[in-house]
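Fold and contact review
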Amino acid sequence: MSDKYDVIVIGAGPGGYVAAIKAAQLGLKTACVESWTAEDGKQVLGGTCLNVGCIPSKALLEVSHKFEETAHHYAEQGIMVKDVQMDVAKMMERKAGIVKQLTGGIAGLFKANGVTAIQGHGKLLANRKVEVTANDGKTTTYEAENVIIATGSKPIEIPPAPMTEGYITDSEGALEFTEVPKRLGIIGAGVIGLELGSVWARLGAEVTILEAQDSFLPAVDQQIAKDALKQFQKQGLNIVLGGRVTGAEVKRKLVNVTYEDAKGKQELKVDKLIVAVGRRPYTDNLLSEDSGVKMDERGFIFVDENCKTEAPGVWAVGDVVRGPMLAHKASEEGVMVAERIAGHKPQVNYDCIPNVIYTAPEVAWVGKTEEQLKAEGEAYNVGTFPFAANGRAMAANAASGMVKIIADEKTDRILGFHVVGPQASEIVAQGVIAMEFGSSAEDLALTCFAHPTLSESVHEAALAVNGGAIHIANRRKKK
Ligand code: FAD
Ligand code: AMP
């Protein structure tokens, strides 16, 4: 049987489902193929992000943060609470409920917009034909004017730490623990390792994170990363830098982890081990030999700046292509591609994609770091403002961290916007908007911010770029 569509999307994560909805909104006959199947045999939409990524991790981060606050930081604010208990099963049940609601919501949006959801594994053949293999093994081939590949990514596994049921797991398993492990090991101090480590440490686990690299969060502005590291260590997270894991073995119900650091061979015994060493593009059994789509040397589908692959009419978006593995980046690309197929000419501004680490304090940034600008030989000015001098942050019992703004020395145009501190994930949006509008630090400095708000730290950091912050000692730069 052959069914023809204007657009077939393979994968219903934030790249794929958003592309499908946008294409349908633009009047294109659209189908979205998704293989994820629930235990009851029903199709699961939403991809990694909604099912085992952004959303469930944030559900656990929010709850564990509240628990930790209540158990350890309420008394200092005059709230006396006795016997604070954690019901892990209830927390997990709530998380599952949120996931169900959101994934069900996508099914509703597909219906409302007229997107046909096709259940099964999609494989791209030559000439924009897509072969879908259903769960019962039956195959159907569909044809499309355009195909959008949005098959996402999977956790990387490393030979020294093979997945072992009940003991060694990836991020997906770490979102499903049924109890708080007494001792938890994590390989990789990246975004996922830090977020998952925070969840279980707040609930009482003794957490050790082993990171092969000597520097902490090398992609983050190092002034911000150093501040964050200090605060994570103060919370009790044991972060071992320069510790490369060489083996992990389950013995007598414990995981014996071996790693090497500057001092030589080391050992760590934990009850559970999470492997969080990054993700790889997912393209298993996706492309026929004659599909015309090419990969780059790291296994990502090769695309140009507009997400076009080497095969005419075939596009690819999200984690399966170059660029940061972020849900909002995937969605931006999905919208751009749908609009391009409809004949518009939008572009994604890759310079203005925010990054967030949802720890406490949160770390968030957009644009360039000082290290990047130095390497590029750019001249710049920096303004920082600490939350310790922000009244609202003090009132919220969260007066740590800072806002840091980096601006071009000549033009004053904002080049980088970095936050470590309370609600950094929300505050960074101000930097994104400013940078999208080509704002100078002075534009922000001339803007009126409500008092008392955390955002006043943005105002003060912008003022500080030229030495004009009010609530810290700084000297105005000579012009
Ligand atoms: P995915 O979401 O991976 O979706 C791909 C879909 O394609 C899947 O549903 C898969 O089943 C389907 N598929 C694959 N191959 C086929 C095929 N051949 N046929 C049919 N279907 C197929 N990002 C953020 O921006 N913020 C966060 O806070 C955040 N937190 C995260 C926390 C964790 C623990 C993890 C693991 C990730 C997190 N991410 C976060 C990353 C985010 O989840 C991804 O960047 C995002 O999901 C990528 O979207 P995507 O559409 O490219 O791919
Ligand atoms: P991210 O890609 O941001 O999720 O981060 C993954 C982290 O895992 C990186 O910082 C890697 O340096 C780290 N990593 C990879 N392999 C190992 C290993 N064998 N031991 C310790 N850390 C590792």
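Look up: the structure comes first, before these words.
Summarised in this report is the structure supplied together with it. (Residues numbered from 1 in each chain as written. Chains lettered and ligands numbered in written order. Predicted model: local features only at pLDDT ≥ 70, side-chain atom pairs only at ≥ 80, totals over all residues. Heavy atoms only, no water.)

1. Digging into the site of ligand 2
Which entries qualify depends on this criterion: Only a single heavy atom is needed: when it lies within 4 Å of a molecule or strand, its residue is near that molecule or strand. In the analysis that follows, any N or O atom pair within 3.5 Å is treated as a polar contact, provided that within protein one partner can donate a hydrogen and the other can accept it, and provided that, for residues neighboring in sequence, both atoms belong to side chains. Accessible surface is estimated by sampling points in the Shrake-Rupley manner with a 1.4 Å probe; for residues, cover comes only from the protein chains shown. What counts as a helix is a DSSP run of H or I of at least four residues, what counts as a strand is a run of E of at least two, and both are numbered from the N terminus.
The full set close to ligand 2 counts 15 residues, and Gly188, Glu211, Ala212, Gln213 and Val245 are the nearest of them. Here Ala212 contributes a backbone N or O atom positioned 3.0 Å from a nitrogen atom of ligand 2. Summarising the interface, the protein chains cover 74% of the accessible area of ligand 2, which totals 510 Å² for the free molecule. Taken together, the elements giving at least two residues each to the shell around ligand 2 come down to strand E10 (206-211) and strand E12 (244-251).

2. Focus on the pairing of strand E19 (residues 362-367)
Under the convention used in this document: Think of it in three bands: with a 1.4 Å probe and only protein chains considered, a residue is buried below 20% of the maximum accessible area for its type, exposed above 50%, and partly exposed in between. Paired strands, as defined in this entry, are two strands with at least two bridges between them according to DSSP.
For E19, the buried fraction is high: five of the six residues fall into the buried class. Bridge count between strand E18 (residues 355-357) and E19: three bridges; the pairing is antiparallel. Opposite Asn355, over in E19, you have Trp365 as the bridge partner. In textbook terms, the turn of a hairpin is the stretch between consecutive antiparallel strands, and for E18 and E19 this stretch comprises four residues.

3. Focus: the site of ligand 1
Which entries qualify depends on this criterion: Each residue gets one of three labels, nonpolar for Ala, Val, Leu, Ile, Met, Phe, Trp, Tyr, Cys and Pro, charged for Asp, Glu, Lys and Arg, and polar for the others, Gly among them.
The environment of ligand 1 is formed by 39 residues, the closest being Glu34, Thr48, Lys58, Gly122 and Asp319. Interatomic distance of 2.8 Å between a backbone N/O atom of Gly122 and a nitrogen atom of ligand 1. A distance of 3.3 Å separates an oxygen atom of ligand 1 from a polar atom in the side chain of His328. Looking at the shell around ligand 1 element by element, the count peaks at four residues for helix H2 (residues 47-52). Considered class by class, the residues forming the shell around ligand 1 number 17 nonpolar, 18 polar and four charged.

4. Here we look at the nonpolar core
Inclusion rule: Here, the term nonpolar core denotes a set of buried Ala, Val, Leu, Ile, Met, Phe, Trp, Tyr and Cys residues that are joined through side-chain atoms within 4.5 Å. It only takes one pair of heavy atoms within 4.5 Å for two residues to be counted as in contact.
With 39 residues, the main nonpolar core has Trp200, Phe216, Ile239 and Val363 as its most contacted residues. Elements supplying a minimum of two residues to this core: helix H3 (54-73), helix H4 (88-113), strand E9 (183-187), helix H6 (191-202), E10, helix H7 (222-234) and E19. Among the elements that take part in this core, H7 stands out by supplying five residues, more than any other. Once residues within four sequence positions are removed from consideration, Trp200 is found in contact with Val88, Met91, Met92, Ala174, Phe177, Glu179, Val180, Pro181, Leu184, Ala205 and Val207.

5. Description of the packing of H3 against H4
Quick note on the threshold: Think of each axis as a best-fit line through the C-alpha atoms, taken over the contacting stretch in the case of a helix, with angles from 0 to 180 degrees between the N-to-C directions. In a left-handed crossing the near helix is turned counterclockwise from the far helix by less than a right angle, and in a right-handed crossing that turn is clockwise.
Interaxial distance between H3 and H4 falls to 9 Å at its minimum, and their mutual angle equals 140 degrees. Crossing handedness for the pair H3 and H4: right-handed. On H4, the residues that touch Ile55, Pro56, Ala59, Leu60 and Val63 of H3 are Met91, Met92, Arg94, Lys95, Ile98, Val99 and Leu102. Of the residues belonging to the contact of H3 with H4, the class tally is ten nonpolar, no polar and two charged.

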